[in-house]
Each structure stands twice: as structure tokens, then as C-alpha cells.
Amino acid sequence: MTKTRNDFSARTKLDLALRASYVCSSCKLSTVGPSDEAPDAVTMIGVAAHICSAAPGPGARRYDPTMTPEERSHIDNGIWLCASCGVLIDRDEKRFTADHLRRMKREHEGSRRIEGSGSDAEGDLISIGRDIVAVGSIVHSGPDGTRVRLSHFVSGSGRDLWSLNRDFGTWLPERRYVLLNELGFGGLLADPPIVERVGQAYEVQFRLQDQVPRRDAAASLSTMSREDGRLLHGLEAYIQHFETVLGMALGTWFADLGQGSDLSDLYWRYRGSPWFGRLAMMEMIRLSCIPRFKEGRDGPSTPFLAVNRIDRVEVPSFDLTNQKLAIEVRFDLEGLGQWDHVLSVFVSTPEQLARGRENARFHNKKLRTIEAENRKV
Ligand SMILES: [Zn+2]
């Protein structure tokens, strides 16, 4: 049998759900909710529906024979709906034309402002390691640790949560962390988190390790300007440093493939969506609170070096100027306190990302071979 259905990938389905804030683009009902029936305590009644049908056939709606398989399974051909609206649009092709659905999608995504009222996404983002990201809130914080309640998953599932304890020992040390957008803060876990089912939600109790010391932002850094070669001191040097860290995509630095930021990837995935700002904030929390695992000459440090907390991240426009994105930030800097600035961050194109990662892997492999040979001598 030849493969004729051009279905969406899991990634595309998740992106559609996120961009719609898990709300049906047609009837505006929430497509997630706690449930006792589902094993992961969250019922998902949403569907990533095709605007133009994935395959031809008697039941196919809005099938466009001129589209390529790639176009049919592309995010542009998807719309997030609840299960009943998903059925409805396939029953009534006259009313739900492709143009009508595209307009509906555009208007819905544009209207999902998370900060505004009426949002079904209660709370803020909480990340446990790289793979579990959920919307939730802090319910307790004290000397015995912090307790959070998760209302729904952005990535990962209830199953991943339950296996946290069992798998904790197998996680890479640099992945054993928690990031809390509500506090602009995060850290490495001191021990395996405790997961409990409370009513219809999940609660996770954890303790964080002591923070690694931050550098004094008022004093200690000087570096050469990339623009004109002059020597930058103090804050000026830090601004360039923050922009460099954010602009270097994860996996593109051959000497350490674990370094860099997700910002460019997030940009292409969530451009135009209010989720971009929240996910960018989460990434900045990681860069400010989770230490690098290759210790520098001056002991352990975080990639952002001097940032204690991320208080605000906002993206006024998704337009790029010379491939750079303006991001308004408010950081709490060691030695200086609250600091507002507009960072100008380089965004790699998807092609640059792919090429950069391929190059980095190639040179990293060569580097390892040389290192191994040197050890033999
Ligand atoms: Zn609906």
C-alpha cells in the first residue's frame, strides 16, 4: 500500500495546539482539562485538523490536488479545533471553505493573548528538565522546598512525570533542573522530585541546590567589541555577552555541542504567537540559573554570568532587522539590581541552523579523534 495520507508530525500538532493556546479556533472551548479517566490526568479533546484534506477520497474535504505532500502536512495547512468542530468542518464544505478556515485560524491565533483575561492557560510555564514543560503555578515555597501544581502539559506527559523518580539517576546532570517563569528563576534539583496526584492535578515537590555565585555586573568583564574592535567594559561588555549567548544556537559550537540557546529554533516555531515570549523567557532563565558543566578557570558559572533573575521578557515585534530581533528584557543583575534593556539578538535561518549543526558535529568528531590520539601518546 502506498502512503497517500499526509498527516501532521507530532511536533506540528503540538505547535498548532500551543499557537491556539489549546482553545478551539472555531467555538473557543478549551480543548484540555483535568480528568480522572485519562491516565495522564489531562484530557485532550483537541485535534489538529487539515484545512485541505490529507488524502483524496470520498470523505475528503477541500482536497487540493495541486498541493505537494509537504504542503499538506505543513503547519500552514493545519488548524486547532475541538473534536466536535473537527467533525463539523468536514461535514459542511460549503460553509467551511479553505479560505474561511485560514481566516478563522489567523484571527484565533492573533486573539490568544496569554496575559489577557479569559485565557484558559492558567498560571505560567514550569519546566522540569528539557522534556517536561507544563502550565502551572507555585502552591508552596519554604525551607522544605517548593511545591508546584501542573494544570496541563506543553510537552511531555503524565507518564514522564511518574517515571521521574525511577529515571532521575539516568538523566544527564545538566538536565536535572527546574525552571519557573512565575519567579523568573530556577536551579538544579537537589534530589529526585516527589510527584503526587492531588484531586485532578499533579503536584510536584522539589528542592533546589544552592545557586552558583554570579559575577558582579558592575565590574568584572571586559571584552572586544564585535562591531568596531574597541574594548568594552562592565555593562557594555555584558550586553554584548548576553547577545552572543542568545544568538549562538544550541549545537552549533563545535567545542561544546551542549552550549548555546534555543532562541532561533523558538523564533521559527512560534513567530507571531504569544508563546514565543514565554518560551524565550524560560530559555533565558535556564541560561541565567543553570551552571555550565564545563567549569571555567574561575570555577562554576552560568552562561549569563551575572544575571540573578529574569523579571520580564517581551517581544514588541517579530520583524527582524539585519536578521536581528529586538527583545525587551528586565534582568536582576548581581551588584546592580534591576536593569532594563532592549537586546538585539541574531536569529539564524533554518538553513543556517541545519548547516551550523552539521559543521559543528563534523568538527567536534574530529576534535574528539585528535584528543583520543593525544591521550595515546
Ligand atoms: Zn470547537
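For the rest of this paragraph, the subject is the sheet that holds strand 16 (residues 337-346). Strands sit in the order 14-15-16 across an open sheet of three strands; the sheet is antiparallel. The open sheet is flanked by strand 14 (307-314) and strand 16, the only strands paired with a single partner. Taking the axes of each pair of neighbouring strands and ignoring which way they run, one obtains an average angle of 30 degrees across the sheet. Note: strand 15 (residues 324-333) against strand 16, 10 bridges, orientation antiparallel. From the neighbouring strand, phenylalanine 331 faces strand 16, where its bridge partner is tryptophan 339. The sheet strands contacting helix 7 (residues 234-247) are strand 14, strand 15 and strand 16, and the helix crosses strand 16 at an angle near 50 degrees.

Each protein donor to the zinc ion is listed here as Cys24 (SG), Cys27 (SG), Cys82 (SG) and Cys85 (SG); together their distances run 2.3 Å. Considering all four donor atoms around the zinc ion, angles at the metal cover 105 to 113 degrees and the coordination shape is tetrahedral. If you list the donors of the zinc ion from N- to C-terminus, the spacing comes out as C-x2-C-x54-C-x2-C. Among the residues examined, cysteine 85 registers a relative accessible area of 7% and is labelled buried.

Attention now moves to the side chain of serine 301. Position of serine 301 among the secondary structure elements: in the loop between helix 9 (275-289) and strand 14. For serine 301, a relative accessible area of 7% translates into the label buried. Setting aside anything within four residues of it in sequence, one finds serine 301 in contact with Val212, Arg215, Pro291 and Arg292.

What follows deals with the pairing of strand 11 (residues 201-206). Most of strand 11 is tucked away, with six of its six residues classed as buried. Side chains Ala201, Glu203 and Gln205 of strand 11 all project onto a buried face; the interleaved residues Tyr202, Val204 and Phe206 project onto the opposite face, where all are buried too. Here strand 10 (residues 194-198) pairs with strand 11 via five bridges, running antiparallel. Considered in strand 11, the bridge of isoleucine 194 is made with glutamine 205.

Under the definition given, this model contains 21 salt bridges. Salt-bridge contacts for aspartate 90 lead to arginine 62; the nearest nitrogen and oxygen are separated by 3.1 Å. Taken together, the residues aspartate 90 in helix 3 (residues 83-91) and arginine 62 in the loop between strand 3 (46-50) and helix 2 (69-72) connect sequence positions 28 residues apart. Aspartate 90 gets classed as partly exposed once you look at its relative accessible area, which sits at 37%. The class of arginine 62 is buried, set by a relative accessible area of 7%. For aspartate 124, the salt bridge is made with arginine 278, and the minimal N-O distance between the two is 3.7 Å.

The rules behind the values
Residues numbered from 1 in each chain as written. Predicted model: local features only at pLDDT ≥ 70, side-chain atom pairs only at ≥ 80, totals over all residues. Heavy atoms only, no water. Pairing = 2+ DSSP bridges. Helix = DSSP H or I, 4+ residues; strand = E, 2+ residues; numbered from the N terminus. Axes fitted to C-alpha atoms, helices over the stretch in contact; angles between N-to-C directions. Contact = heavy atoms within 4.5 Å. Donors = N, O, S within 2.8 Å, 3.2 Å for Na, K, Ca; no water. Tetrahedral: all angles 85-135°; square planar, octahedral: opposite > 155°, others 65-115°. Buried < 20%, exposed > 50% of the residue type's maximum accessible area, 1.4 Å probe, protein only. Salt bridge = Lys/Arg side-chain N within 4 Å of Asp/Glu carboxyl O.

From the geometry alone we can't say anything about function, so treat these as descriptive.
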